[in-house]
Amino acid sequence: MECKICGSSDLEVLNIQNKYYHCQQCEVIFIDPAEIVEQSEEKERYEGHDNNHQNEGYVRMFKDFIAEVIKPHINLDELNNGLEFGCGPGPVLADLLQSQGLKVDRYDPYFFPEKVFSNKNYDLITSTEVFEHFSDPVKEMELLTSHLKEGSYLAVMTSFHPGPEDFEDWWYKWDPTHIVFYNQKTFNKIASDFDLDIVYSDQEKYILFKA
Ligand SMILES: [Zn+2]
Ligand SMILES: [Zn+2]
């Protein structure tokens, strides 16, 4: 087994509920591929979520994301377009950004499967509660960065893992479609591999890259 992010074979096995690997180099934690749930099951699970504007907590989550990750670091007035990558069934964040005057494309492999981003580059790509679902994060990063303009932004929300000691009781991994977990060191490695700067990180769930 090799690390999904850095390719190292220096992996610690965490045998808890499911089998996970913890990379000793980039510190990513990922589930054993044999334990990944089927795609049909995954879609059902997303549909069960109340991911729409009626759910106040869900809207709040994106308002916080905009207030903390986007607004302090990016002048939306200077951007021409954005992409919400993995928006789910109710593209709340895309709607919120659009209401601030940004034209936002929506893509989701299950709910908005048209590859609207082909032949397009963006000033801002947002990807919230998506990175933890990637079975091949490097491939997804290759795709995302290939659609970023020079000087543009990739804003990500995914919960940083608490370290192997506290992983067993960590709620975020209970969702069976959550299969890969990052921390600051993992994102530093990703930034350096993809030639990105890290503009902001709260070391908890938000990270903002600049191309
Ligand atoms: Zn690694
Ligand atoms: Zn998720």
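Reading the values: the criteria
- Residues numbered from 1 in each chain as written.
- Chains lettered and ligands numbered in written order.
- Predicted model: local features only at pLDDT ≥ 70, side-chain atom pairs only at ≥ 80, totals over all residues.
- Heavy atoms only, no water.
- Helix = DSSP H or I, 4+ residues; strand = E, 2+ residues; numbered from the N terminus.
- Buried < 20%, exposed > 50% of the residue type's maximum accessible area, 1.4 Å probe, protein only.
- Contact = heavy atoms within 4.5 Å.
- Areas by Shrake-Rupley, 256 points an atom, 1.4 Å probe, with all protein chains shown as cover.
- Lys, Arg positive; Asp, Glu negative; His and termini not counted.
- Charge placed at Lys NZ, Arg CZ, Asp CG, Glu CD.
- Donors = N, O, S within 2.8 Å, 3.2 Å for Na, K, Ca; no water.
- Pairing = 2+ DSSP bridges.

Looking at an unreviewed UniProt entry, one finds the protein chain named Methyltransferase family protein and attributed to Halanaerobium saccharolyticum.

## Looking at the overall build of the protein chain
In terms of helices and strands, the protein chain carries six helices and ten strands. Its C-alpha atoms give the protein chain principal-axis dimensions of roughly 45 × 35 × 30 Å. Evaluated residue by residue, the protein chain yields a buried proportion of 52% over its 211 residues. Here the analysis covers contacts within the protein chain between residues at least 6 apart in sequence; of these, 61% occur between residues at least 24 apart. Accessible surface computed for the protein chain: about 10,100 Å², of which carbon and sulfur atoms make up 42%. One finds the centroid of the 18 positive side-chain charges in the protein chain at a distance of 5 Å from the centroid of its 39 negative side-chain charges.

## Let's talk about the coordination of the zinc ion (ligand 2)
At 2.1 to 2.4 Å from the zinc ion (ligand 2) lie its protein donor atoms, namely Glu-132 (OE), His-133 (NE2) and His-178 (NE2). Sequence spacing among the residues donating to the zinc ion (ligand 2) works out to E-H-x44-H. One end of the pair, Glu-132, is in the loop between strand 6 (122-128) and helix 4 (137-145); the other, His-178, is in the loop between helix 5 (164-167) and strand 8 (180-181), with 46 residues separating them in the sequence. Taken as a pair, Glu-132 and His-178 share a single burial class, namely buried.

## Details of unusual backbone geometry
One non-glycine residue, Glu-27, adopts positive backbone phi at about 70°. With respect to the helices and strands, Glu-27 occurs in the loop between strand 2 (18-23) and strand 3 (29-31). For Asn-119, which is not glycine, the phi dihedral falls at a positive 60°. By the element assignment, Asn-119 lies in the loop between strand 5 (103-107) and strand 6. For Asn-119, a relative accessible area of 81% translates into the label exposed.

## Description of the sheet that holds strand 1 (residues 11-16)
Spatially, the four strands line up as an open sheet ordered 1-2-3-8, and their pairing is antiparallel. Edge positions in the sheet fall to strand 1 and strand 8, since each of these pairs with one other strand and no more. Both strand 3 and strand 8 contribute to a ladder of two bridges, which runs antiparallel. Bridge assignment links Phe-30 to a residue of strand 8, and that residue is Val-180.

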